[in-house]
Amino acid sequence: MTFPGKNLIDGLSSENLQSLADADSMGLLMAPGESIAAYKERLLAMENSYAEIEKDLQNTADYNIFGEFSLDTRKRISPEILEEAAELTREYYEFSVNWVPGFFISKSLGVLWGGCAISFPDQNQLSIFIIRANFAKKRRWLFYRRDELLAHELCHVARMPVRDRTFEELFAYRLSPSRLRRYMGNCFRNDYDAILFILPVFLLLAVQILRLFFSLDQKMPIWPFWLTAAIYPLFLLIRNHLNRRVFFKARKNLEKAGVEKQLPVLFRCSREELGKISSLNLPGELSKWMCEKVDSELRWKVIGFRFLDLNQK
């Protein structure tokens, strides 16, 4: 369960699309506009950083994160458990990640907290999984499934180079068996979304308490606060609906253009590319656009090689 070695990275070449396809299948996606030199440099930096982490993990029983809590290195998530999640990501998006270290932790980060990936985008895109200790022996806990939880975070790890917050949660929640989570998951896509969602609710509660205990019914009408509490949830629902509309239209257009594996292609697209694909309704126009992308960008050459049958394998 270590990061792909230097031999694999050194063997990557723009002339050898199979080598790039192999790296892509490991969850090492190329960034938009990234050259082969920049891609290899980034992977080598990641390899060095993960090697340092592995060395630290081997030499200590406690690995500290952010100075907040320590990970018990003896409670590492096994390759067998990570494989449960890899089955989902392979099925939906044609990649699997087994090189991110993960741990079970006993310290509670919230009553309903199940797990998360701690990522360091500015530190060579490093990531570490932490999930609730309940999952060490159980596949389910409350409304969480272990494979779904890990697969969700693996999607974030793999798609990090794309740097797209607009559809990030939508792709991750597509793996959920819950229709509600699949629909609502992309509502909260930024850190401030949850804050702006909950603050007006607390304000409404505070006003209700003031009205109740200080008899302010006449002096302080409640309807403006109900309106304020409803505005941001309504905005989130509308934004989510519009994003989903773009996503499903893009998927339908790929299907009409004869692309069998629409989800893996869309997973590797930026927000701008998803919007473009959704706007090209005629199969001929979309096929022409994809051919132009394959001819002009190495990342799309890999996408074409793996999923579009636009290159001779």
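Residues numbered from 1 in each chain as written. Predicted model: local features only at pLDDT ≥ 70, side-chain atom pairs only at ≥ 80, totals over all residues. Heavy atoms only, no water.

Side note on the overall build of the protein
Step number 1: When helices and strands are counted, the protein shows 13 helices and 7 strands.
Step number 2: With the C-alpha coordinates aligned to their principal axes, the bounding extent of the protein is approximately 75 × 60 × 30 Å.
Step number 3: In the protein, buried positions account for 48% of the 313 residues.
Step number 4: With an accessible surface of roughly 16400 Å², the protein has 55% of that area assigned to carbon and sulfur atoms.
Step number 5: Computed over 43 positive and 38 negative side-chain charges, the separation of the two mean positions in the protein equals 7 Å. (Helix = DSSP H or I, 4+ residues; strand = E, 2+ residues; numbered from the N terminus. Buried < 20%, exposed > 50% of the residue type's maximum accessible area, 1.4 Å probe, protein only. Areas by Shrake-Rupley, 256 points an atom, 1.4 Å probe, with all protein chains shown as cover. Lys, Arg positive; Asp, Glu negative; His and termini not counted. Charge placed at Lys NZ, Arg CZ, Asp CG, Glu CD.)

Quick look at the state of the cysteines
Step number 1: A complete count under the given rule lists 0 disulfides for this structure.
Step number 2: Its sulfur unpaired, C155 is 15 Å from the next cysteine sulfur, which belongs to C269.
Step number 3: Distance from the sulfur of C269, which forms no disulfide, to the nearest cysteine sulfur (C291) is 14 Å. (Disulfide = S-S within 2.5 Å.)

Thoughts on the pattern of salt bridges
Step number 1: Taken as a whole and judged by the stated rule, the model has 19 salt bridges.
Step number 2: Between D24 and R306 there is a salt bridge whose closest N-O contact spans 2.6 Å. Here the residue D24 occupies a position in helix α2 (residues 17-25), and R306 occupies one in helix α13 (residues 298-308), the gap between them amounting to 282 residues.
Step number 3: We classify R306 as buried; its relative accessible area is 18%.
Step number 4: We note a salt bridge from R299 to E297, for which the minimum N-O separation is 2.9 Å.
Step number 5: Within the structure, one salt-bridge network assembled from shared partners comprises D24, E94, K261, R268 and R306. (Salt bridge = Lys/Arg side-chain N within 4 Å of Asp/Glu carboxyl O.)

Some points on the packing of aromatic side chains
Step number 1: What the rule picks out here adds up to 15 aromatic pairs.
Step number 2: For the pair Y232 and F235, a centre-to-centre distance of 5.3 Å together with 40° between the ring planes defines the contact as tilted. Highlighted residues: Y232 and F235, both in helix α9 (residues 223-256), separated by 3 residues, approximately one helical turn.
Step number 3: The partly exposed category is assigned to F235, whose relative accessible area is 38%.
Step number 4: Ring pairing ties together the aromatic residues Y92, Y93, F95, F171, F247, F248 and F267, which thus form one cluster.
Step number 5: Its guanidinium or amino end placed over the ring of F267, R159 lies 5.9 Å from that ring's centre, counting from NZ or CZ. (Phe/Tyr/Trp six-rings, centres within 6.5 Å; stacked < 30°, edge-to-face > 60°. Lys NZ or Arg CZ within 6 Å of the ring centre and 35° of its normal.)

Concerning the sheet that holds strand β3 (residues 102-105)
Sheets are built from strands paired through backbone hydrogen bonds, the pairs being either parallel or antiparallel.
Step number 1: Pairing is mixed across the open sheet formed by 3 strands, whose spatial order is β3-β5-β4. Only two strands of the sheet have a single neighbouring strand rather than two, namely β3 and β4 (115-120). Neighbour-to-neighbour, the strand axes of this sheet turn through a mean angle of 25°, independent of strand direction.
Step number 2: Examined bridge by bridge, β3 and strand β5 (residues 126-132) share 4 bridges and lie parallel to one another. In the strand pairing of β5, F103 is matched with I130.
Step number 3: Here helix α3 (residues 36-59) sits on the sheet in contact with β3 and β5, set at roughly 45° to β5. (Pairing = 2+ DSSP bridges. Axes fitted to C-alpha atoms, helices over the stretch in contact; angles between N-to-C directions. Contact = heavy atoms within 4.5 Å.)

Re helix α8 (residues 191-214)
Step number 1: The end-to-end C-alpha separation of α8 is 35 Å, in line with the 34 Å expected for 24 residues at 1.5 Å each.
Step number 2: In this structure, the buried side of α8 is in contact with α9. (Expected span 1.5 Å × (residues − 1).)

Quick look at the packing of helix α4 (residues 79-93) against helix α5 (residues 146-159)
Step number 1: Two numbers describe how α4 lies on α5: the axes approach to 8 Å, and their chain directions differ by 60°. Regarding the angle of α4 to α5, the classification is oblique. The two elements α4 and α5 meet at a crossing, and its hand is right-handed. Two secondary-structure elements touch here, α4 through I81, L82, E84, A85, A86, L88, T89 and Y93 and α5 through R146, D147, E148, L150, A151, L154 and C155.
Step number 2: Here the contact of α4 with α5 is composed, by residue class, of 10 nonpolar, 1 polar and 4 charged. (Parallel < 35°, antiparallel > 145°, perpendicular 65-115°, else oblique. Left-handed = near helix turned anticlockwise from the far one by under 90°. Nonpolar A, V, L, I, M, F, W, Y, C, P; charged D, E, K, R; others polar.)

Topic: unusual backbone geometry
Step number 1: The backbone of E94 sits at a positive phi, close to 60°, despite the residue not being glycine.
Step number 2: Although it is not a glycine, R163 sits at a positive phi angle of roughly 50°.
Step number 3: Within the element layout of this structure, R163 appears in the loop between α5 and α6 (168-173).

Here's the deal with a nonpolar patch on the surface
Step number 1: Nonpolar side chains collect at one region of the surface, where I195, I198, L199, V201, F202, L205, I209, L210, L212, F213 and F214 lie side by side and expose about 1100 Å² of accessible area between them.
Step number 2: Considering the arrangement of structural elements, one finds L199 in helix α8. (Patch = residues over 30% accessible without salt bridge, like charges linked within 9 Å, V, L, I, M, F, W, Y side chains within 5 Å.)

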